[in-house]
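Now for the letters of each chain:
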Amino acid sequence: MGKEYYVGSKSIQIIDELANVSFNVLIQYPTEKPSQPVVFGPYIMDVSLDAIIIESKFPLVLLSHGNGGSHLLYRTITSHLVKKGYIVAVVEHYGNNRNDNSLENTSDNLIYRPRHVSLTIDFLLQKSFLQENINENKIAVLGHSMGGYTALALAGGIPRTKEGMKVDVTSDSRIKTIILLAPGAGWFLNGLEKLTVPILMLTAEHDPVTPRWNADIVLNGVPNKDLVEHHEISNAGHFSFLSPFPENMKNPNFLPSTDPVGFDREKFHLQISKDILGFLDKNLEVT
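Residues numbered from 1 in each chain as written. Predicted model: local features only at pLDDT ≥ 70, side-chain atom pairs only at ≥ 80, totals over all residues. Heavy atoms only, no water.

## Concerning the overall build of the protein chain
Consideration 1: Each helix and strand in the protein chain was counted, giving five helices and ten strands.
Consideration 2: Relative to its length of 287 residues, the protein chain is compact, with a C-alpha radius of gyration of 18 Å against a globular reference of 19 Å.
Consideration 3: Across its three principal directions, the C-alpha atoms of the protein chain cover 50 × 45 × 40 Å.
Consideration 4: Each of the 287 residues in the protein chain was classed as buried or not, and the buried ones make up 55%.
Consideration 5: Considering only intrachain contacts with a sequence separation of at least 6, the fraction spanning at least 24 residues in the protein chain is 70%.
Consideration 6: For the protein chain, the accessible area works out to roughly 13000 Å², and carbon and sulfur atoms hold 50% of it.
Consideration 7: Within the protein chain, the 31 negative side-chain charges are centred at a point lying 2 Å from the centre of the 25 positive side-chain charges. (Helix = DSSP H or I, 4+ residues; strand = E, 2+ residues; numbered from the N terminus. Rg over C-alpha atoms; globule rule 2.2 N^0.38 Å. Buried < 20%, exposed > 50% of the residue type's maximum accessible area, 1.4 Å probe, protein only. Contact = heavy atoms within 4.5 Å. Areas by Shrake-Rupley, 256 points an atom, 1.4 Å probe, with all protein chains shown as cover. Lys, Arg positive; Asp, Glu negative; His and termini not counted. Charge placed at Lys NZ, Arg CZ, Asp CG, Glu CD.)

## What to know about the pairing of strand 10 (residues 228–237)
Consideration 1: As judged from the seven bridges shared by strand 9 (residues 199–206) and strand 10, these two strands associate in the parallel manner. Considered in strand 10, the bridge of Met 201 is made with His 230.
Consideration 2: Chirality of the crossover, the property in question, places the unit of strand 9, helix 4 (residues 212–221) and strand 10 among those that are right-handed. (Pairing = 2+ DSSP bridges. Right-handed = clockwise from strand over helix to strand, strands pointing away.)

## A few points about helix 2 (residues 107–126)
What sets the pattern is the α-helix's 3.6 residues per turn: residues three or four places apart point alike.
Consideration 1: In this model, helix 2 (20 residues) spans 29 Å end to end at C-alpha, consistent with the 28 Å of a helix rising 1.5 Å per residue.
Consideration 2: For helix 2, every residue scored as buried is listed here: Asn 109, Leu 110, Tyr 112, Arg 113, Pro 114, His 116, Val 117, Ser 118, Thr 120, Ile 121, Leu 124 and Leu 125. (Expected span 1.5 Å × (residues − 1).)

## Remarks on the side chain of Ser 257
Consideration 1: Take Ser 257: it is sitting in the loop between strand 10 and helix 5 (265–283).
Consideration 2: Setting aside anything within four residues of it in sequence, one finds Ser 257 in contact with Phe 245, Met 249, Lys 250, Asn 251 and Arg 265.

## Digging into the environment of Leu 26
Consideration 1: Of note, Leu 26 is situated in strand 2 (residues 21–31).
Consideration 2: Here Leu 26 falls in the buried class, since its relative accessible area comes to 2%.
Consideration 3: Among all residues touching Leu 26, those that are not within four sequence positions of it are Ser 9, Lys 10, Ser 11, Phe 40, Met 45, His 71, Leu 72, Val 88, Ala 89 and Val 90.

## A closer look at unusual backbone geometry
Trans peptide bonds make up most of the peptide bonds, and negative phi angles are found at most residues other than glycine.
Consideration 1: A positive phi angle is found at Asn 20, which is not glycine, with a value near 60°.
Consideration 2: One can find Asn 20 in the loop between strand 1 (6–16) and strand 2.
Consideration 3: We note that Asn 235 has phi near 65°; this positive angle belongs to a residue other than glycine.
Consideration 4: In this fold, Asn 235 is placed in strand 10.
Consideration 5: In this structure Asn 235 comes out as partly exposed when scored by relative accessible area, which is 22%.

## As for the packing of aromatic side chains
By convention here, two paired aromatic rings are described through the distance between centres and the angle between planes.
Consideration 1: Using the criterion set out here, one finds nine aromatic pairs in the structure.
Consideration 2: Note on Phe 241 and Phe 268: the rings are 5.7 Å apart at their centroids and 70° apart in plane angle, and the pair reads as edge-to-face. One end of the pair, Phe 241, is in the loop between strand 10 and helix 5; the other, Phe 268, is in helix 5, and 27 residues separate them in sequence.
Consideration 3: The class for Phe 241 is buried, based on a relative accessible area of 0%.
Consideration 4: What makes Phe 268 buried here is its relative accessible area of 10%.
Consideration 5: Within the aromatic cluster, the residues linked to one another by ring pairs are Tyr 43, Phe 245 and Phe 254.
Consideration 6: The aromatic ring of Phe 129 is capped on one face by Lys 10, whose charged end is 6.0 Å from the ring centroid. (Phe/Tyr/Trp six-rings, centres within 6.5 Å; stacked < 30°, edge-to-face > 60°. Lys NZ or Arg CZ within 6 Å of the ring centre and 35° of its normal.)

## A closer look at helix 5
Consideration 1: The first and last C-alpha atoms of helix 5 sit 26 Å apart over 19 residues, in line with the 27 Å expected at 1.5 Å per residue.
Consideration 2: Taken as a whole, helix 5 has its buried residues at Arg 265, Phe 268, His 269, Ile 272, Ser 273, Ile 276, Leu 277, Phe 279 and Leu 280. Buried positions in helix 5, seen along its axis, are confined to an arc of 165° and lie on one side of it. Exposed and facing more than 90 degrees away from the buried side of helix 5 are Lys 267, Leu 270, Lys 274 and Lys 282.
Consideration 3: With a side-chain oxygen positioned 3.2 Å from the backbone nitrogen of Glu 266, the residue opening helix 5 is Asp 264. (Arc of directions from axis to C-beta. Polar contact = N/O pair within 3.5 Å; in protein donor to acceptor, adjacent residues only side chain to side chain.)

## Points about the pattern of salt bridges
Consideration 1: Taken as a whole, this structure holds eleven salt bridges when the rule is applied.
Consideration 2: Its salt-bridge partner being Asp 172, residue Arg 174 comes within 2.8 Å of it at the nearest N-O pair.
Consideration 3: Of the residues examined, Arg 174 reaches a relative accessible area of 22% and is grouped as partly exposed.
Consideration 4: Measuring nitrogen to oxygen at the nearest pair gives 3.7 Å for the salt bridge that ties Lys 282 to Glu 229. Of this pair, Lys 282 sits in helix 5 while Glu 229 is found in strand 10, placing the two residues 53 residues apart along the sequence.
Consideration 5: Beyond isolated ion pairs, a larger network of salt bridges with shared partners links Asp 122, Asp 172 and Arg 174. (Salt bridge = Lys/Arg side-chain N within 4 Å of Asp/Glu carboxyl O.)

Next up, the structure:
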């Protein structure tokens, strides 16, 4: 896959009729229309708004952000994947995002997160302008922190509340592989026996938000140990997996913008984007 594409971009809204709520999704996709700097809130991305997608079939990656996070926080990773021939859809999770975090620590959030990713896949395959351009046999989910919960639930994990009650979630057999970045896996103690997809798990050496025991739940819980590729990133912190923030947002009091002393987030994101691409190419057999 030597060719590079420009990044098309379109924002859509999807309705969850069961819960009577709607949520935003940012879609990025390969296009031949040259990109230009576009302002998305406090960020600038090189994209081609509402451009025509290239007439071909592409793999699809769904990205699930962390607790109280944003669908704009993984720009470096998503842009790299699109340039190399992927369609990426980033869900802004209802009630668990930077503008509305009212569902934090609720069972509704545990239910909505995976369901809304599945609804996004339904929409993209059946009702969107991309429906003829998605290879439905090559679908992956990438999740950071609470997004790791989302990915594990979709891949067949059976979550439980802190009180030990099973959460009513539905897995999605269309998902062929998942990528976990500092995942929140505490809901899946003894709940990963059904996972059969390849997993790339990247964790941080210094992470008080999702400490090492979260990774151990995945490493010990997936029956086939060969399915899990795990790398602990030396000197990284929990938020190191977020794209570098603009200089005017970097502040010691704004924790998502901070890293352990000596960690180079800009350099790291050049590498992690390549590593994620390589894993996806191998496990989705992209040619």
